[in-house]
Amino acid sequence: MRGRPLPLLAALTALLTTILSATAAGATSTTAGAAATRASVSGPAPASATAAPTRHTITYDHYSLLIDGKRQYIWSGEFHYFRLPSPELWRDMLQKIKASGFNTVSLYFSWAYHSPAPGKYDFTGVRDVDRLLRMAEQAGLYVIARPGPYVNGELDAGGYPGWLLTQKGRARSAAADYTAAYREWLAHIDPIIARHQLTNGTGSVILYQVENEYDGSDATYMTQLAEQARADGITVPIFHNDKKRQGKWASGAGAPDLYASDTYPGTSVTDYSFMRSFTGPNRPLFWAEFQGGWFQPWGGGSYEENRTKFGPSFERITYGNNIDNHFTLQNLYMLYGGTNWGWQADPNVVYTSYDYGAAFDESRRLTAKVPVLKQQGYFVQSVEPLRKTDDLPGQPEHSGAAVHVDADRNPDDGTTFYFLRHEDLKQTTDEATTLRVETSDGTYTVPQQPGTAIHVNGPDYKILTAGYTMDHQRLVYSTSEIMTHEDLGDRDVALLHGRKGEAGETVLRYASQPRVDVLAGDVQATWSGSDLRLNYTHDGLARVRISGGGRAPLDLLLADDDTASTFWRPGGNVLVRGPYLVKTAERDGATLRLTGETEQAGPLEVFAGPGVRTVLWNGRPVRAARTASGSLLATVPGPRAVSLPALDSWRFHEDTPEAAPGFDDSGWTAADHQATDNPTQPKTLPVLYADDYGFHHGDVWYRGRFDGTAAGISLTAGTGKAGVWSVWLNGTFLGTVSTGTGGQNSSRDFTFPPEALGAHNVVSVLVRNMGHNEDGGSNDAQKNPRGLLSAALTGSDAAVAWRIQGGGNDEVRGPLNNGGLHGERAGWTLPSFADRTWPRATSPSGAHAPGIAWYRTRVRLSLPKGQDTPLVLRFAGGQAARALIFVNGWNLGQYVADLGPQHDFVLPPGVLRTNGVNTIALGVWSYDGTGGLGTVTLERADGAR
């Protein structure tokens, strides 16, 4: 990741890529229309080198996607590899996604991230998406591939490379220059995706998206995108993600195989039956994006506010409502957001962090949103009849007028699902109801226990199951929700859950009266006719062993929600309880190898059948004893202590040489264009737009020379929101303009001090390009110019000769890492730079002259190996200043003291050397010499000490 492959290795890699691409292109299969990351992961075993791949079919109908004829519930989450520049952390996140109940991951592929220039593409190191797709398959995840060419995603230019912004033809159309460009991109990315398709038997990609939220009308463009994908070897179903359920590209010319849409409904619940008019009678309902949080702008609120707003109650209500509405393909955006490191962000909508208020925070930690997602994910994957259901007409009979009840039924086996919520979602009261349940087993008023009821307490949503064949058991009904169940070979195990303190009732059908042993908790058993009725209160974990009665033994686990969330289903017919995270499970005869993470020492309980006798936790055996219910119980250690160094030894250097009149700018680019293809035409000439001169990201310097006197200069700069720019005349500081959050462009008239003028004069202007607009409206908004937009002397007709200097492509870190500050161009961000002659400073908090100053420090870390210890760089108390943050040469974001809201910046392992020396470099911009950064400290992201 810290360099390019050796030439021989690169040649061998290229040869292998060619062979694999040819294999994928020749495929004939068709479809209709960081603890213990070293350990093996669950998922399909890799094929042998000589075995022919097993091809698979992917079809679909009104109800669901089918793989090899078997219905699937696609429970997916969005993950952006380009926002996490560490391949081993890709593996970590993919394993966490799988462990948390998801069977699919959705991946944008960012064109900008891979292409610094026309015809130049990089798929090595942190851009090795071939490796990413292998990891997804190894983790046991299907993949929804979304390569654009336009992706949006709150990215700079919506994911378009900078070099595309100067094209004359309109993007997202059939314009010739744009068509040639996107075909070049797809010709590179499609073969990689193609060789990882499930249909070819060489990977786990099951769906492919063309475009994203395209609200234009160019059917030729949409048709050509799909044709290009097919020509590049894509054989899985193709879809488009419609913006806000408009029915765009659902049918007619340009429509792909599947219709999908996105929606961000806030806290509302909607009847989505109208979307059947878009999908038609032969396609399933598909959320390509459903709200999993929300982004935050510069000067906005915190992501924790979003995480609360779109937290557990939101998840239960909206995702449960989607299940009720027969959406068997759900992709949550985002599941893990990550970091807009470098210049990846569209500044008009988001700052450095792309945490998104998602279920996994920016440091990859599990949040309070994960338990509900895990309960729902395990449920939809365990209970197969959910994949094919029809509405039962009307509301089922129930007693509570304030409670809304829907019912769906599987037409093949009769399994029935009841969906309960408040009739008025604004209600926060506790409403009680009884429910008439009708199944082939009989008709019941539920619950039967006198004096009890089903409760809908506050903003809640319940999915109750009746008439269900559960492994070897027959579930007549339950007022508890099913989380998961497994056939362990010698017995079945089922985990049901409910709100703490609420009564539960479960009825099971037997041919004769079974034996009931209550192993833990207070559970009352009643036998009547053919029904075994169990009554209990959800409080902790109750355990019931049921045997006999003509069925296989059943270990029934009855838990409150919080207790249920301590269970994990890592695959391989294994259920595990206890640790903070169980990532993977691998069975080897009598040995079960588990990987995971702990927050403290505690119990580990394994339900895996009698064949498992030995348990390894992160590669080390743990002493496990057999319990009365047949599980194995052990204790796993907690994390080891961590000590972090103080950041109290810095080197300092003021660095604004470009403002000096004698600075040599002869090597800079002459800014002398008299015309531009940009849709926004300049008000003055020459054209000064930074993109027109090939400088697309970060800071750009301008130096303009004129002879004679002038009263001043009128300037307009385009920065995007939260931008800043400063001006000097012959080295004399004239002022700084902060764009703030009100707009993208700003203008200012500067007066020249007479004493600063000479016969030959130089105006120096430093402009921070915060990033480009997205093109969400298909109107070329991404071409909104950046840099100086106009410049005119006042009180003089003298001509100004301009030169411009910006950043270039970092061959290791890519085109989005660096801008045009002198320190960046001189390598001051890199560990190899020798700064021993710089003066010392105890902190980077002090004010300095207006302009740029650099602070560097070296930090030796010795974090426990094999233990994930998320760290952040924390800023506090700054004013009238901002800082670019570089760690070992990687631009990890920008702190803006006067706007915020971000003060913590995640330092991901891989970029951060967790055992070794790290170089932190801060490029500090002082607006006027009065402010500073405040304090800068290294902290644990989880707040632990």
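All values reported here derive from a predicted model rather than from experimental measurement. (Residues numbered from 1 in each chain as written. Predicted model: local features only at pLDDT ≥ 70, side-chain atom pairs only at ≥ 80, totals over all residues. Heavy atoms only, no water.)

**Focus: the overall build of the protein**
Heads up, the rule is: Counting from the N terminus, the helices are the DSSP runs of H or I reaching at least four residues and the strands are the DSSP runs of E reaching at least two. Just to be clear, the radius of gyration here is over C-alpha atoms, and the globule rule we use is 2.2 Å times residues to the power 0.38. Only protein chains enter the calculation, and the probe is 1.4 Å; a residue is then buried if its accessible area is under 20% of its type maximum, exposed if over 50%, and partly exposed in between. Where accessible areas are quoted, they stem from the Shrake-Rupley method and a 1.4 Å probe; at the residue level, only the protein chains shown are allowed to cover. By the counting rule applied here, Lys and Arg register as positive and Asp and Glu as negative, while His and the ends of each chain are not counted. Throughout, a charge is located at the NZ atom of Lys, the CZ atom of Arg, the CG atom of Asp or the CD atom of Glu.
On a plain count of helices and strands, the protein comes out with 12 helices and 55 strands. Relative to the globule expectation of 30 Å for 945 residues, the C-alpha radius of gyration of the protein, 30 Å, shows essentially globular dimensions. Overall, the C-alpha framework of the protein stretches about 105 × 60 × 60 Å when taken along its three principal axes. Counting every position in the protein, which comprises 945 residues, the buried fraction comes to 62%. Within the structure as shown, the protein displays about 32,400 Å² of accessible surface, and the carbon and sulfur contribution to it stands at 50%. Within the protein, the 97 negative side-chain charges are centred at a point lying 6 Å from the centre of the 84 positive side-chain charges.

**Focus: the sheet that holds strand 42 (residues 724-729)**
Rule in force here: A pair of strands is labelled paired if DSSP reports no fewer than 2 bridges between them.
Here 6 strands make up an open sheet; going across it, the order is 39-47-40-45-42-43 and the pairing antiparallel. Of all the strands in the sheet, just strand 39 (669-670) and strand 43 (732-738) have a single pairing partner and so form its edges.

**A short note on the sheet that holds strand 20 (residues 473-478)**
Across the sheet, which stays open at both edges, the 8 strands sit in the order 12-13-14-19-20-23-26-25 with antiparallel pairing between neighbours. Of all the strands in the sheet, the pair left with one neighbour each is strand 12 (390-391) and strand 25 (523-528).

**Some details on the environment of Val911**
Tracing the backbone through its elements, the reader meets Val911 in the loop between strand 53 (904-907) and strand 54 (915-926). Taking the C-alpha atoms as reference points, Val911 and Pro85, 826 residues apart in sequence, are found 7.2 Å from one another.

**Brief notes about the confidence of the model for the protein**
What counts is decided by this rule: Every residue is assigned a pLDDT by the predictor, reflecting its confidence on a scale from 0 to 100. By definition in these notes, contact holds between two residues if any of their heavy atoms fall within 4.5 Å.
On average, residues of the protein score 93 in pLDDT, and 94% of them are at 70 or above. Considering only residues more than four positions removed or in separate chains, one finds that residues 1-49, a stretch of pLDDT under 50, has 86 contacts.

**With respect to the nonpolar core**
How we decide: Nonpolar cores were defined as sets of buried Ala, Val, Leu, Ile, Met, Phe, Trp, Tyr and Cys residues, with membership established by side-chain atoms within 4.5 Å.
In terms of nonpolar packing, the biggest core is built from 223 residues, with Phe79, Phe109, Leu594, Val606 and Leu922 touching the most fellow members. No other element matches the 9 residues that helix 5 (residues 176-194) contributes to this core. Leave out the neighbours within four places in its chain, and Leu922 touches Trp650, Pro844, Ala853, Trp854, Tyr855, Leu873, Phe875, Leu884, Ile885, Leu933 and Val936. Counting 31 residues, the second-largest nonpolar core is a separate cluster that includes Phe695, Ala717, Val727 and Val765.

**Overview of unusual backbone geometry**
Geometrically, the link from Gly148 to Pro149 is a cis peptide bond, its omega value of 15 degrees lying close to zero. For Pro149, the location among the structural elements is in the loop between strand 6 (142-146) and helix 5. For the bond running from Val446 to Pro447, omega is 0 degrees, close enough to zero to count as cis. On the secondary structure map, Pro447 appears in the loop between strand 17 (442-446) and strand 18 (454-457). Within the chain, Arg245 stands out as a residue other than glycine whose phi angle is a positive 60 degrees. Summarising the element assignment, Arg245 is placed in the loop between strand 8 (238-242) and strand 9 (258-263). Residue Arg245 is classed as partly exposed on the basis of its relative accessible area of 26%. Despite not being glycine, His326 shows a phi value in the positive range, around 70 degrees. With respect to the helices and strands, His326 occurs in the loop between helix 9 (312-324) and strand 11 (327-336).

**A closer look at the packing of aromatic side chains**
Aromatic rings in a pair are described by how distant their centres are and how their planes are angled relative to each other. Basically, it comes down to this: A pair of aromatic rings is counted whenever rings of Phe, Tyr or Trp (Trp by its six-membered ring) have centres within 6.5 Å, and the orientation is called stacked for planes under 30 degrees apart, edge-to-face for over 60 and tilted otherwise. We call a charge positioned over a ring when the NZ of a Lys or the CZ of an Arg lies within 6 Å of the ring centre and within 35 degrees of the ring normal.
If you walk through the whole model with that rule in mind, you get 60 aromatic pairs. A centroid spacing of 5.4 Å and a plane angle of 55 degrees characterise the contact between Trp287 and Phe290, whose relative ring orientation is tilted. A ring pair is formed by Tyr303 and Tyr351, whose centres lie 5.5 Å apart and whose planes are at 45 degrees; its orientation type is tilted. With Tyr303 in helix 8 (residues 303-309) and Tyr351 in the loop between strand 11 and helix 10 (370-382), the pair connects residues that are 48 residues apart, well separated along the chain. Members of the aromatic cluster, joined through ring pairs, are Trp111, Tyr121, Phe123, Tyr150, Tyr160, Trp163, Tyr178, Tyr182, Trp185, Tyr214, Tyr221 and Trp249. It is Lys374 that lies over the ring of Trp568; its NZ or CZ is 3.2 Å from the centre. Over the aromatic face of Tyr378 sits the side chain of Arg569, whose NZ or CZ is 5.9 Å from the ring centroid.

**Thoughts on helix 5**
Here is the rule: Expected helix span is computed as 1.5 Å times (number of residues minus one). Values of bend correspond, residue by residue, to the angle between axes fitted over the seven residues ending at that residue and the seven starting there.
Relative to the 27 Å expected for 19 residues at 1.5 Å per residue, helix 5 spans 26 Å between its end C-alpha atoms, a close match to the ideal helical length. The principal kink in helix 5, of about 30 degrees, is found at Ala187, preceding the proline Pro191 by one to four residues.

**Comments concerning the environment of Gly400**
Here Gly400 shows up in the loop between strand 12 and strand 13 (403-409). Along the chain, Gly400 and Ser790 lie 390 residues apart, while their C-alpha atoms are 67 Å from each other. Non-local contacts of Gly400, meaning those with residues more than four positions away in its chain, are made with Ala432 and Thr433.

**A closer look at helix 2 (residues 87-99)**
In this model helix 2 runs 19 Å from its N-terminal to its C-terminal C-alpha over 13 residues, within 8% of the 18 Å that 1.5 Å per residue would give. Burial analysis of helix 2 places 11 of its 13 residues in the buried class, which makes it a mostly covered element. Listed in full, the buried residues belonging to helix 2 are Pro87, Leu89, Trp90, Arg91, Asp92, Met93, Leu94, Gln95, Lys96, Ile97 and Ala99. A positive phi of about 105 degrees marks Gly101, the residue just after helix 2.

**Quick notes on the packing of helix 5 against helix 6 (residues 219-231)**
To keep things clear, this is the line we draw: A fitted line through C-alpha atoms serves as each axis, taken over the contacting stretch for helices, and the angle formed by two N-to-C directions is quoted from 0 to 180°. Between 65 and 115 degrees an angle is taken as roughly perpendicular, under 35 as roughly parallel, over 145 as roughly antiparallel, and anywhere else as oblique. Crossings are sorted by hand: turned counterclockwise from the far helix by less than a right angle, the near helix makes the crossing left-handed, and turned clockwise it makes it right-handed. Gly falls in the polar group here, along with every residue not listed as nonpolar (Ala, Val, Leu, Ile, Met, Phe, Trp, Tyr, Cys, Pro) or charged (Asp, Glu, Lys, Arg).
At a minimum axis separation of 10 Å, helix 5 and helix 6 run at an interaxial angle of 30 degrees. The pairing of helix 5 with helix 6 is recorded here as roughly parallel in orientation. Helix 6 is crossed by helix 5, and the crossing has right-handed handedness. Residue-level contacts link Tyr178, Thr179, Tyr182, Arg183, Leu186, Ala187 and Asp190 of helix 5 to Tyr221, Gln224, Leu225, Gln228 and Ala229 of helix 6. Partitioned by chemical class, the residues of the contact of helix 5 with helix 6 number 7 nonpolar, 3 polar and 2 charged.

**Points about the packing of helix 4 (residues 129-138) against helix 5**
At a minimum axis separation of 10 Å, helix 4 and helix 5 run at an interaxial angle of 25 degrees. Regarding the angle of helix 4 to helix 5, the classification is roughly parallel. Once helix 4 is placed against helix 5, the crossing between them reads as right-handed. Contacts between helix 4 and helix 5 involve Val129, Asp130 and Leu133 from the former and Ile189, Ile192 and Ile193 from the latter. Residues that form the contact of helix 4 with helix 5 fall into these classes: 5 nonpolar, no polar and 1 charged.

**A word on the side chain of Glu78**
Operational definition: What qualifies as a polar contact is a pair of N or O atoms within 3.5 Å, subject to a donor-acceptor requirement within protein and to the restriction that residues adjacent in sequence count only when both atoms come from side chains.
Mapping Glu78 onto the fold places it in strand 4 (residues 74-79). Reaching out from Glu78, the side chain makes a polar contact with the side chain of Arg146 at a distance of 3.2 Å. A polar contact of 2.9 Å, which involves the side chain of Glu78, links it to the side chain of Asn331. Not counting residues up to four positions away in its chain, the partners in contact with Glu78 are Ser106, Leu107, Tyr108, Arg146, Asn331, Leu332, Tyr333, Met334, Leu335 and Tyr336.

**Description of the pairing of strand 19 (residues 462-470)**
Most of strand 19 sits inside the fold, with 8 of its 9 residues counted as buried. Across 5 bridges, the pairing between strand 14 (residues 416-422) and strand 19 is antiparallel. Looking at the pairing, Phe419 lines up with Ile463 of strand 19. Counted along the chain from strand 19 to the antiparallel partner strand 20, the turn is 2 residues long, and its residue Asp471 has a positive phi close to 55 degrees.

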